[in-house]
Amino acid sequence: MERRQARSSKIHVFVLVGLILFSSTERISSLSVTVSDDECVQEYVLYEGDNVSGNFVVVDHDIFWGSDHPGLDFTVTSPAGNIVHTLKGTSGDKFEFKAPRSGMYKFCFHNPYSTPETVSFYIHVGHIPNEHDLAKDEHLDPVNVKIAELREALESVVSEQKYLKARDTRHRHTNESTRKRVIFYTVGEYIFLAAARGLQVLYIRKLFSKSVAYNRV
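Residues numbered from 1 in each chain as written. Predicted model: local features only at pLDDT ≥ 70, side-chain atom pairs only at ≥ 80, totals over all residues. Heavy atoms only, no water.

Going by what an unreviewed UniProt entry lists, the protein is known as GOLD domain-containing protein and is assigned to Brassica oleracea var. oleracea. As stated in UniProt under Sequence similarities (unreviewed entry), the record for the protein gives "Belongs to the EMP24/GP25L family." (UniProt positions renumbered as here; feature names shortened; annotations may be inferred.)

Trainee: What should I look at first to understand the overall build of the protein in this one?
Mentor: Along the backbone of the protein there are three helices and eight strands. Secondary structure elements in the protein, listed N-terminal to C-terminal, are α-β-β-β-β-β-β-β-β-α-α. Sorting the 217 residues of the protein into buried and exposed places 28% on the buried side. Taking contacts inside the protein between residues at least 6 apart in sequence as the whole, the part at least 24 apart equals 76%. Put simply, the protein shows about 14900 Å² of open surface, and 57% of that area lies on carbon and sulfur atoms. (Helix = DSSP H or I, 4+ residues; strand = E, 2+ residues; numbered from the N terminus. Buried < 20%, exposed > 50% of the residue type's maximum accessible area, 1.4 Å probe, protein only. Contact = heavy atoms within 4.5 Å. Areas by Shrake-Rupley, 256 points an atom, 1.4 Å probe, with all protein chains shown as cover.)

Trainee: How should I be thinking about the state of the cysteines in this particular structure?
Mentor: The term disulfide refers to a covalent linkage connecting the sulfur atoms of a pair of cysteines. Scanning all chains against the criterion turns up one disulfide. There is a disulfide in this structure between cysteine 40 and cysteine 108, and the S-S distance comes to 2.0 Å. Across the disulfide from cysteine 40 to cysteine 108, rotation about the S-S bond amounts to roughly 110 degrees, and the bridge is consequently right-handed. Placement of the pair is cysteine 40 in strand β2 (residues 38-45) and cysteine 108 in strand β7 (residues 103-110), with a sequence separation of 68 residues. On the basis of relative accessible area, cysteine 40 is assigned to the partly exposed category, the value being 39%. (Disulfide = S-S within 2.5 Å.)

Trainee: Can you walk me through the packing of aromatic side chains in this structure?
Mentor: For any two aromatic rings, the description comes down to two numbers: the centre-to-centre distance and the angle of the planes. A complete count under the given rule lists twelve aromatic pairs for this structure. Judged by centre distance (5.1 Å) and plane angle (40 degrees), the rings of phenylalanine 74 and phenylalanine 109 are tilted. With phenylalanine 74 in strand β4 (residues 72-77) and phenylalanine 109 in strand β7, this residue pair connects regions lying 35 residues apart in the sequence. According to the relative accessible area criterion, phenylalanine 109 is buried, its value standing at 1%. (Phe/Tyr/Trp six-rings, centres within 6.5 Å; stacked < 30°, edge-to-face > 60°.)

Trainee: Explain the side chain of serine 53 here, please?
Mentor: Among the structural elements, serine 53 can be located in strand β3 (residues 51-61). Using a relative accessible area of 14% as the deciding quantity, one classes serine 53 as buried.

Trainee: Can you help me understand the environment of glycine 71 in this one?
Mentor: Considering the arrangement of structural elements, one finds glycine 71 in the loop between β3 and β4. Through-space distance from the C-alpha of glycine 71 to that of valine 58 is 9.3 Å; in sequence the pair is 13 residues apart.

Trainee: Can you help me understand the pairing of strand β5 (residues 83-90) in this one?
Mentor: Side-chain direction in a regular strand flips from residue to residue, so the side chains alternate between the two faces of the sheet. Both β4 and β5 contribute to a ladder of five bridges, which runs antiparallel. Looking at the pairing, threonine 75 lines up with threonine 86 of β5. (Pairing = 2+ DSSP bridges.)

Trainee: Would you take a moment to explain the environment of histidine 127 for this structure?
Mentor: Relative to the helices and strands, histidine 127 is located in the loop between β8 (117-126) and α2 (131-136). Expressed as a C-alpha distance, the spacing of histidine 127 and valine 145, which sit 18 residues apart in the sequence, is 9.7 Å. A distance of 2.7 Å separates the side chain of histidine 127 from the side chain of aspartate 50, its partner in a polar contact. (Polar contact = N/O pair within 3.5 Å; in protein donor to acceptor, adjacent residues only side chain to side chain.)

Trainee: It is not clear to me how the nonpolar core should be interpreted in this structure. Could you clarify?
Mentor: Nonpolar side chains tend toward joint burial in soluble globular proteins. Grouped together as the largest cluster of nonpolar side chains are 21 residues, with contacts concentrated most on Val52, Phe56, Phe74, Phe107 and Phe121. Secondary-structure elements contributing two or more residues to this core are β1 (28-35), β2, β3, β4, β6 (92-98), β7 and β8. With four residues, β8 is the single largest residue contributor to this core. Once you skip the residues sitting within four places of it in the chain, valine 52 turns out to touch Val45, Phe95, Glu96, Phe97, Ala99, Phe107, Ile123, His124 and Val125. (Core = buried A, V, L, I, M, F, W, Y, C linked by side-chain atoms within 4.5 Å.)

Here is the structure:
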């Protein structure tokens, strides 16, 4: 009897985890955006007060970003046209806000340089039922609320992993770009030194040839 109960409890746990994993993929958007000037992505929020979170990272620099590079601007606009979140001059960051109303939200990037930049962009819209939802929908119960809370906690971990992975990709691209530039400058320096050495040899030979001709005279 005890074995059956233990087995049944394990099955319930697996089913619960499966439901969390399945439901956590419903309102997630992960994509790659190429930003040349202004580029926008739209996401629909079903409920007022939903938690909208995500992150973005510039993963592929077509030009080497110096200390004077202005970075990208990021703006979130509500369905009413109001700016609900903004970030200025960054190569990547996280964002999170409560949706003031339901509707279509616009996530826009602005690149002040004409060189296209590839951005890894990740959005998640999370909804946790509150007391008002429980009173409004008789089919909801505290168990569903706990499932939603666990789903959001799991999503937070997944979002952090994606953000760290994108940053790691950007660092690898930066290191590769730096390595190529160092090799290019080193080869160029050797070519310049070899050319200078050859010119010195030619100049010395020319001086000796003039000296020998003068002595003969």
